[in-house]
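Residue strings, one per chain:
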Amino acid sequence: MRNEPNITPAQVAEHGLSEAEYQTILNVLGREPNLTELGIFSVMWSEHCSYKSSKFWLKTLPTEAPWVICGPGENAGVVDIGDGKAAIFKMESHNHPSFIEPYQGAATGVGGILRDVFTMGARPIANMNALRFGAPEDAKTRHLVAGVVAGVGGYGNCVGVPTVGGEVNFDAAYNGNILVNAMTVGLADADKIFYSAAAGIGNPVVYVGSKTGRDGIHGATMASAEFDDATEEKRPTVQVGDPFTEKLLIEACLELMGTDAIVAIQDMGAAGLTCSSVEMADKGGVGLDLDIDKVPQRETGMTPYEVMLSESQERMLMVLRPGSEDAAKAIFDKWQLDFAVVGRVTDTGRFIGRNNGAVVFDIPVRPLVDESPEYERPWVKTSAPAPLAAVTAPMDHMAALQIMLAGPDLSSRRWVWEQYDNSVMADTVRKPGGDAAIVRIHGSNRGLAITTDCTPRYCLADPHQGGAQAVAEVWRNLTAVGARPLAITDCLNFGNPERPETMGQLVGCIQGMGEACIALDFPVVSGNVSLYNETHGQAILPTPAIGGIGVLDDLEKHADLALRRTDDQIILIGETKGHLGQTIYLRQLLQRQDGPPPPVELAVERHNGDFVRGLIAAGTVDTCHDLSDGGLLVAAAEMAMAGDIGLDLNGPDDPGFWFGEDQGRYLLSVPATLVDAILQQAEKRQVPAQIIGRTGGETLTLNTCEPISLSRLRRSHEAWLPDYMNSN
Amino acid sequence: MKARVHVSYKTGVLDPQGKAIGLTLKNLGFAGIGEVRQGKLIELELAESDANKARKAVEAMCEKLLANTVIENYAIELDNE
Amino acid sequence: MKASVIVFPGSNCDRDIQVALANSMGGPVEMVWHGQTEMAQTDLIVLPGGFSYGDYLRCGAMSARSPIMREVVARAQQGVAVLGICNGFQILLEAGLLPGALLLNAGRNFVCRDINIRVENSQTQFTSRYEQGQILRIPVAHHDGQYFADPDTLAELQAGDRIAFRYCGSAGDESANPNGSIDDIAGIFNDRRTVLGLMPHPERAADPLHGGTDGRGLLDSLVSALS
C-alpha cells in the first residue's frame, strides 16, 4: 500500500462522512483508509448511491406483479409486455448539475438514463422528462428553461431516440432548485436481459466507451492537500455530454449483446468506475482486481483517486467470457470506441486497485455495501390542511377559462416539445400533447403508452393524498389512451431529509404511493431519490415524479383527446363533487392555495378507469381525455382546440363543477348513436356518467356565457410560453 | 477598435467536437495528431479607443455573455495592442 | 430494383428509411457501412437522416469525407439515383453533389413539426407519383435546415426547374417556412434530376400509424421508375 499522509477530520468532513460513518470505515478495514479509499467509501455511502435516508421507506413500496421481470436494484426495471418482449425503463434526476449548467446538466441527465436502459439489453425507444422551474418572474428562470430544453433536445435528438412527452411546471419553490427528471423506455427480448452481477473467477473486466477525464470530481475533495497542484486551473466539476459517442456506444453494446460474450454489464453513472465495479462485485458475491493504469485516460497525470471518482460520461464496464476479448474488441474498434481489459474477477471478495503494480486500495466488497449507513430519520406527519374557506367566482367561467389557458400553469408547451425530435425511429403513434404518448412496438401492431405526472401542490398540502394522486393520475393518463397500465418508475425529489418536516413529506408521499400501487396493481420497478433540494432554507415542493408505462394490444384501438366529429355527445365519467381546494382555479384566479387536495378514492379510480379502458378496447370510444389540472372546462377546451371542433357545454353554474379537480374522471366524445348504450353500461356497472355537451361549430359555448372562438382561445393558449421566452 | 475573443473549453472539460474532428482527421490518414480542441472566435467592433477601458468592457461581456465560465475560458485580443 | 442505405457513425434514421423503402419495394434494402470503399450494383443510394459525427464542425462535413463517399460520388456521376434526407441532404451539399448550404434555422432552435410542402416538379423519378403543385404534409426535425444559395445559384435552380419542394401553408399559398430557407426551398435536384436532397422526412409519413402517408409517394415514385 502506498504511503500516504494520515486522514484528517477535515478531509472526512469534506467527503461528507460523519464521525460515526468514519468509525465504521475503520472497523471495516481494521486500519486507517488512505485518501483513495476514503473517496471510495464516501461516494458509495453518499445519499445518491446508498439511499441511506430513504431506504427504510422505499422498502415499503410494492415492487412485484406477475408481469414484473426485474424490480428495483438493477440499472432499470423490466416488465413483460407479451409476445416475448420486455419493456425496460427508469426515471432519474439530474437536478443540481442542471441548475449550475443547464444545457450540459440536462444533456448528461438524458445520457445517463439512456445508458441505464441499454445496459440491460434494450434499444431505447422513447424519452420523456419532467421539468420544474422557478417562478416565471424569477431572474434566472428564462435562462434555465432555455438551457435545459436545449440540452434535453440536443442529446436526445442526436442519439436518435424520440422525446415523446413530459411535463413543465413553474413555481417559486423551485427558484433555487430546479428539477430535471429524465425517463427512458427501451425494448428488449424478454429472454435476453443483461444484468450486472459479475461472475466467473478469472474472467476479464472490460472498460468501453469514452476516455476518463477529471469530470464531475467533487470540488470540496479536490481542495485537499494531496491534489493541490497550484499550476493547474481550478478543475471542472461539470460533465460535458457527448451524444455522438453515446449513439456509437448504444450500437456497439447492442451489437456485442447479440453475441454470447457478455457475462455482466453495468454503466458508469454517478460515482463512475467505483460504483459500477463495486456493484458488479457485490451482486456476484465475488472480488474484483482493477489495474488503474489500464483505464483509458483523457488527461495526463491523473491519480488513482481521480480515476476512481471521475464521472466522465459515455462509459461502461463489462465482464466478458474468457476468450471473447478479441471479438468484442473488433466491434468497439469498428465504432471507434475505447476498449481495454482493466481487471479480473477474483474469489477474494475484495475490491483491489493497482497502479503500475502497486496496490492503491484494498477494501472488502461485502461490508462496503452492507455496512453502508441506513438512517431511520426522525419525521413528523404533515398536519392536515384547514378546510377550504368559501369560494366566490371572481368572474364568469369563460373569462376564467381564457385566463387559465393563457397562463404559466396551463398554457401550451408546444415551444418546448417542438425542440424535441418526437418522430425519429418512425414508430411514434401519438406525439406530445395528449394524456400519454404512444409508440409502436417495432414491427408489430402493438404499442406502449408512456406518461409522467405529479401534482406537487397537492403533495405539499397533504403528502399522503398527493403521493397517491401522482400514481393514480399516471394510471389514468395511460387508461385514457386505452392502455393497460403495467408499472411505474419514481423520481422522489425532496428537500433536506434531516428536517423532520421534510422527512414527513417523504414518508407521507411514499405511503400514499404505496397504497395507490397496491390498489391499482401498478408496482414500482425502478426509481431514484434526490434529496437536499433546498437553498437558504427554502425547500422545493415535495415532488414524487412518477413515470408509467402501459401496453396496447391493438394500436387500431386507442383513444386520443382531439375531437374528431361534429354532433358527438360529450359524456363525463366519474363523480363531480366540485372540489376546489388546491386547484389551479384558486391558485391562478384567487391567488389562494388553501384547503385539502382532492381526495383519491382508489377503488373508484380503478372502477371508472377499467370501464373507460373497456370502451376503448371494444372500439366504442376513440376520443377520451382524463380530467386533471384545471378541471372539466379546461379538459373540454383542450379537446376542442386539439380537434379544431367547437363545443356547446351545459351544466350547473357552480365553479366547482367546471373547475373542481375531483379525481377519477374522464371526458368521452361519442357519436349520438352510441350514447344510450354507453350510459346503460355505465348504469349497470354503477359508474357515474352524464351528458354535458355536444360537439360542433367553431366556438366554445357554456350555458349563458359569451361564447369564445376556438381560434382566439388557441392563440392565447399557444402564445404564453413563446412570448415569455422571447421577452427580456 | 477591434477586439477578438477566443472562447474554448477549460482544460479537463471534454470537447466532443474536437474529439470527433481528431477521429476524422485520423480516418483521412493524417498521422501524428494529438488532442484536438475546437473553440469559437468572436470579433467585436468597439467605439472605445482606450485599450484598458476596452479590455475591461470586453471582459465584462465575456463574463456576462460570450463565455460560459462554468466550462469555458476566454482570451481577449485587441487589435492596437 | 436494388436500393442501398449508407450508414454513417451517428446516422439515426437509417432503419426508418430502410423499413419504409422495403415496404414500398416489397424486398430487402442493403445497408452499407461508411468505412467501405466499394458497393455492390445498386439503383438507388440513400443518405439517411441523423447526426452523423454529432453534427460537429459542420453538419455533414465529416461524413462527406468518409471512404464510401468517393464511391457515392462516382455512382452519382454515372447517373445512379441518390436521395439525401435531412442530414443526408447536408452531406450531399458538403460532398458537392448539390449546390448551396444549409445554415442554422432562422429561429435558432431545433424544430420538429409537421409542415406542408408543395411539389414543384412532378416530372422526375422522385416525384412522378405526385401531382404538380400537390401539397404534402410531412414532418421536419432539424437544427440546421435553412437552405442558402447565392443569387446566381438560386437563379439557376429556379430556371432549371430544380426546386423539388417548397414549404407552404395549408392552402398551398401562404408561406409557412419552418427554418427561414431562401425562396421557401425544402428540397432541390442536381442538374440531371438524378440527385435529390430534402429536409423533410418522407419515411416518417409512410404508414397510416404515422398519422399520414404523404411521404410514401416519393418512395413509390422511385420504385416505379427504377424497377
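Now for a look at the structure at hand. Predicted model, so just to flag it, every value in this text is computed and none were measured.

Conventions we followed
Residues numbered from 1 in each chain as written. Chains lettered and ligands numbered in written order. Predicted model: local features only at pLDDT ≥ 70, side-chain atom pairs only at ≥ 80, totals over all residues. Heavy atoms only, no water. Salt bridge = Lys/Arg side-chain N within 4 Å of Asp/Glu carboxyl O. Helix = DSSP H or I, 4+ residues; strand = E, 2+ residues; numbered from the N terminus. Buried < 20%, exposed > 50% of the residue type's maximum accessible area, 1.4 Å probe, protein only. Contact = heavy atoms within 4.5 Å. Buried area = accessible area lost by both parts, 1.4 Å probe. Polar contact = N/O pair within 3.5 Å; in protein donor to acceptor, adjacent residues only side chain to side chain. Nonpolar A, V, L, I, M, F, W, Y, C, P; charged D, E, K, R; others polar. Pairing = 2+ DSSP bridges. Axes fitted to C-alpha atoms, helices over the stretch in contact; angles between N-to-C directions. 1 Å grid on protein atoms, 1.4 Å probe; cavity = no way out; pocket = protein on both sides within 12 Å on 5 of 7 lines; lining within 4 Å. Points joined across faces, edges and corners; volume = space filled by probe spheres on them. Core = buried A, V, L, I, M, F, W, Y, C linked by side-chain atoms within 4.5 Å.

With that settled, the discussion passes to the pattern of salt bridges. Residue and element names in this part refer to chain A. Inspection of the entire model under this criterion finds 66 salt bridges over all chains. Where aspartate 282 meets arginine 366, a salt bridge forms, and the shortest distance between an N and an O atom there is 3.0 Å. Of the two residues, aspartate 282 is situated in helix α11 (residues 272-284) and arginine 366 in helix α14 (residues 365-370); the sequence distance between them amounts to 84 residues. Judged by relative accessible area, arginine 366 falls into the partly exposed class, the value being 45%. In this structure, arginine 587 and aspartate 409 form a salt bridge, with 3.0 Å as the shortest nitrogen-oxygen distance. Of this pair, arginine 587 sits in helix α20 (residues 584-589) while aspartate 409 sits in the loop between α15 (397-405) and α16 (414-417), and the two are 178 residues apart along the sequence. What you see here is one network of salt bridges that share partners, running through Arg214, Asp215, Arg298, Glu299 and Glu306.

In this section: the interface of chain C and chain A. Across the contact, 26 residues belong to chain C and 30 residues belong to chain A. When the buried area of chain C at its contact with chain A is split by residue, Arg15, Cys112 and Leu209 of chain C rank highest and sum to 28% of it. One can count 5 salt bridges joining chain C with chain A. Residues arginine 113 of chain C and glutamate 418 of chain A are paired through a salt bridge, measuring 3.0 Å at the closest nitrogen-oxygen approach. On the surface where chain C and chain A come into contact, there are 14 residue pairs in polar contact (both at pLDDT 80 or more). Listing elements by their share of the side of chain C that touches chain A, those giving two or more residues are α1 (14-25), β6 (111-119) and β7 (135-142) of chain C. A total of 4 residues in the side of chain C that touches chain A trace back to one element, the largest contributor, which is β6 of chain C. By residue class, the composition of the side of chain C that touches chain A is 13 nonpolar, 6 polar and 7 charged.

Most peptide bonds are trans, and most residues other than glycine sit at a negative phi. Residue and element names in this part refer to chain C. One non-glycine residue, cysteine 86, lies in the positive phi region at around 60 degrees. Residue placement: cysteine 86 occurs in the loop between β4 (81-85) and α3 (87-94). Note on cysteine 86: relative accessible area 6%, which makes it buried.

Residue and element names in this part refer to chain A. Strand order in this open sheet of 7 strands is β23-β25-β22-β26-β24-β27-β28, and the pairing throughout is mixed. In this open sheet, the two strands that pair with only one neighbour each are β23 (624-626) and β28 (708-709). Across 5 bridges, the pairing between strand β22 (residues 568-573) and strand β26 (residues 689-695) is antiparallel. What sits directly across from isoleucine 573, in β26, is alanine 689. The sheet strands contacting helix α21 (residues 602-617) are β22, β23 and β25 (666-671), and the helix crosses β25 at an angle near 25 degrees.

Right, let's get into the side chain of glutamate 605 of chain A. Looking at the secondary structure, you find glutamate 605 of chain A in helix α21. With sequence-adjacent residues up to four places away left out, glutamate 605 of chain A is seen in contact with Ala472, Trp475, Arg476, Leu520, Val600, Gln663, Gly664 and Tyr666 of chain A.

Time to look at empty space enclosed by the protein. All names here are of chain C. This structure, assessed with the given rule, holds 5 cavities of 30 Å³ or more. Taken as a whole, the largest cavity encloses approximately 110 Å³ of empty space. Lining the largest cavity are 17 residues; nearest its centre among them are Gly50, Phe51, Cys86, Ala141 and His142. Taken together, the elements giving at least two residues each to the lining of the largest cavity come down to α3 and β7. Its residues assigned to classes, the lining of the largest cavity shows 5 nonpolar, 8 polar and 4 charged.

This part takes up the nonpolar core. Leu83, Phe165 and Leu218 of chain C are the most contacted members of the largest nonpolar core, which totals 64 residues. Leaving out residues up to four positions away in the same chain, leucine 218 of chain C has contacts with Leu83, Phe126, Tyr130, Phe165, Leu196, Leu198 and Pro202 of chain C. In terms of nonpolar packing, the next biggest core, distinct from the first, is built from 61 residues, Val145, Tyr155, Leu256 and Leu320 of chain A among them.

The next subject is the environment of arginine 55 of chain B. As for its placement among the helices and strands, arginine 55 of chain B is situated in helix α2 (residues 51-66). C-alpha of arginine 55 of chain B to C-alpha of alanine 3 of chain B: the two residues are 52 residues apart in sequence and 8.3 Å apart in space.

Listed by partner, the interface residues are 8 residues for chain B and 5 residues for chain C. When the two sides are added together, the surface that chain B and chain C hide from each other amounts to roughly 640 Å², 73% of it contributed by carbon and sulfur. The interface formed by chain B and chain C contains 0 salt bridges. Summed over the shared surface of chain B and chain C, the number is 1 residue pair in polar contact (both at pLDDT 80 or more). Broken down by class, the residue content of the side of chain B that touches chain C amounts to 4 nonpolar, 4 polar and no charged.

Residues and elements named next belong to chain A. Read from one edge to the other, the open sheet built from 6 strands follows the order β1-β2-β3-β6-β4-β5, with strand pairing classed as mixed. Looking at strand neighbours, the two that pair on one side only are β1 (68-70) and β5 (163-170), the edges of this open sheet. Averaged over all pairs of adjacent strands, the angle between strand axes in this sheet comes to 20 degrees, irrespective of strand direction. Pairing between strand β2 (residues 77-82) and strand β3 (residues 85-93): 5 bridges, direction antiparallel. Of the residues in β3, the one forming a bridge with valine 79 is alanine 87.

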